[in-house]
There are 2 protein chains.
Amino acid sequence: MPTQTFFHLSKEKQTTLLKAAMKEFTHQSFANASINQIIKEASIPRGSFYMYFQDKEDLYFYLLEQSRDRFQKQLLILIEEEHGDLFCTFERFFESIIDYCSKKNHRLFFKQVFANINSQAEKRLFPTKTNVFDPRSFYKHFLEQIDVSKLNIQQEDDLEEIVGLLFGMTLHTLILSFTSDKKKEEIMNSYHRKLILLKYGMEKYRKE
Amino acid sequence: MPTQTFFHLSKEKQTTLLKAAMKEFTHQSFANASINQIIKEASIPRGSFYMYFQDKEDLYFYLLEQSRDRFQKQLLILIEEEHGDLFCTFERFFESIIDYCSKKNHRLFFKQVFANINSQAEKRLFPTKTNVFDPRSFYKHFLEQIDVSKLNIQQEDDLEEIVGLLFGMTLHTLILSFTSDKKKEEIMNSYHRKLILLKYGMEKYRKE
DNA sequence: ATTGTAACATGACAACTTGTCATATGTCAA
DNA sequence: TTGACATATGACAAGTTGTCATGTTACAAT
């Protein structure tokens, strides 16, 4: 997280820095991104940068967490609108992510993000059971909204396994989509089929 | 891939370098690992390193690909032994990965690998449809061994979706396991339950 | 108004990186 | 013996990062 000092800055200065960071992370992978470049673009001295952020990672994760907050809010809205139906919720959730990440000023940034995402960054972008970076305990709240009656739950924490699988599959599909420049239609179709497979099972047994 | 020059080296020199690399990648994340450290440990001059490998990534991926080859061979053996049963195959496959990666001289290395794996590294470790790094076309061969008759296949390439989901879920479980230091028993149990969910579906419908 | 204290700003600096390249040294065939 | 080629090597340029001593504010207390 940024320091208090960063938040004491004028909103203008804050966004200048964040925009410079976005620009760098859009054109370079996280590993290749350079703090030098960011501070040059934002016209702030080197020492100041380290007054605001611990390091490059701190800044990067802060950017990711802003998207995560958005995704979390969206997810809570959708699960309510769908009256707890997990699959409808995820189908709409996925589309809203695709739309958000495909916005003109976001697309290349997220392409970089997804191309290089690791399990650390994943936690900043998607909430999971073991996510310490979730102050408002979104995850717990989300679980409570799920209509469990329709789900194949046999053990205590099968619900968490189910949700974990859905998040994992969702992220994996996102990564594949953004690294291979497919059309939205094609991506949505692939996601839908995966959801069907998860919902009804991979073993042949019944028709939809 | 290493250059021809590397393979012209004596086996002894080769392993000295690879062992030094393993050591460094065991104690540092990929990002923090230093070529300086590796060449110092292996006692080779800086210029020589660049005769053998393009860069740090080239060396790292070469190490990963050696494990991938092992995993691929194992998978082909298992699918044959299980007569094409995808779920039994994956259950045994997962256990064999866990055992291999948990070996005394591997464990910390793989812990680093899984903690920092991204979609690029994933492709070097696990074969997928879009994997260019698979000379012997393992993937195609594997697909042919699968007993499709038991699977819930509705569309042309549902099989690839299924296999993709299984690989994705397997890797995700590995990452979680190795980053949280759980016991093998606990890990296997969690994997088993996920497999059941994938097999029979997440929606309530029938008993096992 | 003056002083003191804490917060913030700044750029020079040390201590690392990495990849290249000119030069040296092998090796083997003609 | 002479090329021609593959390989070895370490000095080097160009970059990176995080720190820190020294300024400069701002603002409360006397």
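Bear in mind the structure is a predicted one, so any value in this text is a computation, not a measurement.

(A) Representation of the interface of chain B and chain A in the model. The partner chain A presents 39 residues to the 39 residues of chain B that form the contact. The contact between chain B and chain A buries some 4,000 Å² in all, and 51% of this surface belongs to carbon and sulfur atoms. Taken as a group, B:Arg193, B:Met202 and B:Glu203 account for 20% of the area that chain B buries against chain A, more than any other trio of residues on that side. Taken together, the connections running from chain B to chain A amount to 10 salt bridges. The tally of links from chain B across to chain A stands at 26 residue pairs in polar contact (both at pLDDT 80 or more). Broken down by secondary-structure element, the contributors of at least two residues to the side of chain B that touches chain A are α7 (107–116), α8 (119–125), α10 (158–180) and α11 (184–200) of chain B. Here the element with the most residues in the side of chain B that touches chain A is α10(B); it accounts for nine residues. Of the residues in the side of chain B that touches chain A, the class split is 15 nonpolar, 12 polar and 12 charged.

(B) Seen up close, the domain arrangement of chain A. Residues and elements named next belong to chain A. Entries for chain A in the domain assignment read domain 1 (1–54) and domain 2 (66–200). The distance between the C-alpha centroids of domain 1 and domain 2 comes to 28 Å. The partner domain 2 presents six residues to the six residues of domain 1 that form the contact. In total, about 520 Å² of surface goes out of reach between domain 1 and domain 2, with carbon and sulfur atoms giving 68% of it.

(C) Expanded view of the pattern of salt bridges. As enumerated under the stated definition, the model contains 28 salt bridges over all chains in all. The residue B:Arg124 makes a salt bridge to B:Glu65 at a minimum N-O spacing of 3.0 Å. On the criterion of sequence distance, the pair formed by B:Arg124 in helix α8 and B:Glu65 in helix α5 (residues 56–81) is long-range, its members being 59 residues apart. Neither B:Arg124 nor B:Glu65 differs from the other in exposure class; each is buried. Between B:Glu95 and B:Lys184 there is a salt bridge whose closest N-O contact spans 2.9 Å. Of the two residues, B:Glu95 sits in helix α6 (residues 86–102) while B:Lys184 sits in helix α11, which places them 89 residues apart along the sequence. We classify B:Glu95 as partly exposed; its relative accessible area is 32%. A relative accessible area of 35% places B:Lys184 in the partly exposed class. Three or more residues are tied together by salt bridges with common partners; here these are A:Asp157, A:Asp158, A:Glu161, B:Arg193 and B:Lys194.

(D) Layout of the environment of B:Ser29. All names here are of chain B. One can find Ser-29 in the loop between α2 (11–27) and α3 (35–42). Residue class for Ser-29 comes out buried when judged on its relative accessible area of 14%. Ser-29 has contacts with Gln-112 and Asn-116, leaving out every residue within four places of it along the chain.

(E) Molecular detail of the packing of aromatic side chains. Residues and elements named next belong to chain A. On inspection of all chains with the given rule, the structure shows 52 aromatic pairs over all chains. Among the aromatic residues, those joined into a cluster by ring pairs are Phe-71, Phe-90, Phe-93, Tyr-100, Phe-109, Phe-110, Phe-114, Phe-126, Phe-138, Phe-142, Phe-167 and Phe-178. It is Lys-56 that lies over the ring of Phe-30; its NZ or CZ is 4.7 Å from the centre.

(F) Seen up close, the protein's contact with DNA strand C. The full set close to DNA strand C counts 16 residues, and A:Thr5, A:His8, A:Gly47, B:Asn36 and B:Tyr50 are the nearest of them. A:Gly47 places a polar main-chain atom, nitrogen or oxygen, 3.4 Å from a base nitrogen of DNA strand C. The element that contributes the greatest number of residues to the surface near DNA strand C is helix α4 (residues 46–52) of chain A, accounting for five residues.

(G) Expanded view of the relation of the copies chain B and chain A. Note on the identical chains: chain B maps onto chain A by a rotation of 180° and an axial translation of 0.0 Å, with an RMSD of 0.1 Å. What the superposition gives is, in effect, a two-fold axis relating one chain to the other. Nearest to the rotation axis, the C-alpha of B:Gly201 is located 1.7 Å from it, this being the minimum over chain B. Of all interface residues in chain B, 100% are interface residues in chain A too; the two copies therefore contact each other through one and the same surface.

(H) A look at the protein's contact with DNA strand D. Neighbouring DNA strand D are 15 residues; A:Asn36, A:Arg46, A:Tyr50, B:His8 and B:Gly47 lie closest to it. The protein-proximal atoms of DNA strand D, defined as those within 4 Å of the protein, are 64% sugar or phosphate. Interatomic distance of 2.2 Å between a side-chain N/O atom of A:Tyr50 and a phosphate oxygen of DNA strand D. The separation between a phosphate oxygen of DNA strand D and a polar side-chain atom of B:His8 is 2.6 Å.

(I) Structural context of α5(B). Its 26 residues give α5(B) an end-to-end C-alpha distance of 38 Å, which sits within 8% of 38 Å, the value for a rise of 1.5 Å per residue. Where α5(B) begins, the side chain of B:Asp55 points an oxygen toward the backbone nitrogen of B:Glu57, at a separation of 3.3 Å.

Parameters and conventions
Residues numbered from 1 in each chain as written. Chains lettered and ligands numbered in written order. Predicted model: local features only at pLDDT ≥ 70, side-chain atom pairs only at ≥ 80, totals over all residues. Heavy atoms only, no water. Contact = heavy atoms within 4.5 Å. Buried area = accessible area lost by both parts, 1.4 Å probe. Salt bridge = Lys/Arg side-chain N within 4 Å of Asp/Glu carboxyl O. Polar contact = N/O pair within 3.5 Å; in protein donor to acceptor, adjacent residues only side chain to side chain. Helix = DSSP H or I, 4+ residues; strand = E, 2+ residues; numbered from the N terminus. Nonpolar A, V, L, I, M, F, W, Y, C, P; charged D, E, K, R; others polar. Domains from an automatic or database assignment. Buried < 20%, exposed > 50% of the residue type's maximum accessible area, 1.4 Å probe, protein only. Phe/Tyr/Trp six-rings, centres within 6.5 Å; stacked < 30°, edge-to-face > 60°. Lys NZ or Arg CZ within 6 Å of the ring centre and 35° of its normal. Near = heavy atom within 4 Å. Least-squares fit on C-alpha atoms with pLDDT ≥ 70 in both. Expected span 1.5 Å × (residues − 1).

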